[in-house]
Amino acid sequence: MATNQTLLISPDEMRRIDKAAADSGLDSYGLMQKAGAHVAAVLLADFPAVRRAVVLCGPGNNGGDGHIAAGLLSGAGVDVMRFGPEPKTGGDAARARNAYPGTLQPFSNWQPREGDVIVDAVFGAGLDRPVSGDVAALTERAQRAGIPVISVDLPSGVSGRTGEPTGACFAAVHTVTFAALKPGHLLMPGRALCGQIHLCDIGIPERMIVSGDPVWKNHPGVYMAERPVLGAGHHKYGRGHLGVFCGPLSSTGAARLSAMAGLKSGAGLVTMASPPGSAMVLASHLTAIMQRTIGDEADLQNWLADKRLSAFVIGPGFGDLEVARGYSELLAATGRPVVLDADGLSAFAGVEEKLAGLFQGVTRLVMTPHEGELRRLFGNLADDHTLSKIDRARIAARHHNAVLVYKGADTVIAAPDGRAAVNADAPAWLATAGSGDVLAGIIGGLLAQGMPPFEAACAGVALHSDAGKRAGRGLTAEDLAAHITPL
């Protein structure tokens, strides 16, 4: 499922991998030499006119990478100045320092000069505390002067576990990391602070880059094994029948977006379940999407007796939170997959324990909250930034026995069994009204076709991102639905 290109390794796991590599007989100093060479290569490739390389070296192995890079840059004819403390004696960093002797000045001595490029090799992904005052002051000087920064592993001051700044931090134009990405490379704002990320091979065998913590960058290997298979003999009901619930007359647009997205993602049929007052306006808009009038819970129970209905989406533009809550309870009782979005989530604000008891047993609920909706459901959890976004998504998923799609620029998909994926390639212009309704419909359409909830959610988020790229800047949600291509 995962390779070192897609597996996200926590800083603690990376320390274990580094130690295992050294214990296996690999030359740890040789690994450091390769890391430093990659850093020097990125600087020379992207800043060929550099006048002075300002290499900031911390006391540990990150600083050792910096010393190697400084030596190679000097050998390439670049004017190099190094700043930082002397490394701890006896380790690879001290060996790197000794291999490239020269002046090592205090951080406080650096003053920006035109043509400077900073190599930030102060701290790596493992730092989970604020940087010292002299480093913080240096980051501020660099930012004020607009000096470009190349960070080693992760910008100093950004947590590799959460992606959150721990205080003052660098904002890099390039970040050079090794062996595997860390969560902080993809979680915001860490991803933005990294600039362009270069994942470089320094010789740690892929068999060693493993983790007991199943977190991936969202990619086809996570979900393609469960993609719907369309056989020559399939009929429309064999491709899944998705039911999408609609709100009142003035609020049908969101559900129509979800319904069309469900159809475009491959469901064989989509039926819009609407209150009687919405039927005529829907009839004027819908063609391939069918209609069913649902006036009350008795009508809904009659409709749910049709076993050909295979999945449901409830919430987009629904409006009546009490009715949404009652309908959700009936949907839960069917044993079929449900996507709970928008008003479907808000319906359980203040009574989220009731929701937690509805979908027990086999996981079949997908919840799609953005930050505000998560806060309405789990106020304390949403505001606990000692936890990463992955941590918060996992806790909520486990509590509700649901797959949680925690939306944002760094959408996290989490399953109750601990699996998680971070989506990192959604275009910024997906931040538009109705975009989330389209996502709910895509996931619903994949569930209707029989995909398991975690894989359906990961695939849905990826299809949503891809549709946004194809639609381009200035897209509307209607454009987005039109650009969905099925798996």
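For the structure, check the block above.
1. A word on the overall build of the protein chain
Across its full length, the protein chain carries 20 helices and 17 strands. The principal-axis extents of the C-alpha atoms in the protein chain amount to approximately 80 × 45 × 45 Å. Scored against the burial criterion, the 487 residues of the protein chain give a buried share of 55%. Looking at the protein chain alone, contacts between residues at least 24 apart form 72% of all its contacts between residues at least 6 apart. Total accessible area on the protein chain stands at roughly 18,900 Å², and carbon and sulfur atoms take up 53% of it. Distance from the positive charge centre (42 side chains) to the negative charge centre (46 side chains) of the protein chain: 3 Å.

2. Here we look at the sheet that holds strand β5 (residues 149–152)
With respect to topology, 7 strands assemble into an open sheet ordered β3-β2-β1-β4-β5-β6-β7, the strand pairing being parallel. The open sheet is flanked by β3 (104–105) and β7 (196–200), the only strands paired with a single partner. Pairing between strand β4 (residues 116–121) and β5: 3 bridges, direction parallel. Of the residues in β5, the one forming a bridge with V119 is I150. Sitting on the sheet, helix α2 (residues 28–46) touches β1 (52–57), β4, β5, β6 (174–178) and β7, and the angle it makes with β6 is about 155°. Across the face of the sheet, helix α3 (residues 61–75) comes into contact with β1, β2 (80–83), β3, β4, β5 and β6 while running at roughly 160° to β1.

3. Digging into the layout of surface pockets
Of the pockets and cavities examined, the largest pocket occupies roughly 990 Å³. Forming the walls of the largest pocket are 32 residues, and the residues nearest its centre are R15, D18, G60, N61 and N62. If you list the elements that add at least two residues to the lining of the largest pocket, you get α1 (11–23), α2, α3 and α4 (92–99). Counting residues per element, the lining of the largest pocket draws most heavily on α1, which supplies 6 residues.

Each value, and the rule that gives it
- Residues numbered from 1 in each chain as written.
- Predicted model: local features only at pLDDT ≥ 70, side-chain atom pairs only at ≥ 80, totals over all residues.
- Heavy atoms only, no water.
- Helix = DSSP H or I, 4+ residues; strand = E, 2+ residues; numbered from the N terminus.
- Buried < 20%, exposed > 50% of the residue type's maximum accessible area, 1.4 Å probe, protein only.
- Contact = heavy atoms within 4.5 Å.
- Areas by Shrake-Rupley, 256 points an atom, 1.4 Å probe, with all protein chains shown as cover.
- Lys, Arg positive; Asp, Glu negative; His and termini not counted.
- Charge placed at Lys NZ, Arg CZ, Asp CG, Glu CD.
- Pairing = 2+ DSSP bridges.
- Axes fitted to C-alpha atoms, helices over the stretch in contact; angles between N-to-C directions.
- 1 Å grid on protein atoms, 1.4 Å probe; cavity = no way out; pocket = protein on both sides within 12 Å on 5 of 7 lines; lining within 4 Å.
- Points joined across faces, edges and corners; volume = space filled by probe spheres on them.

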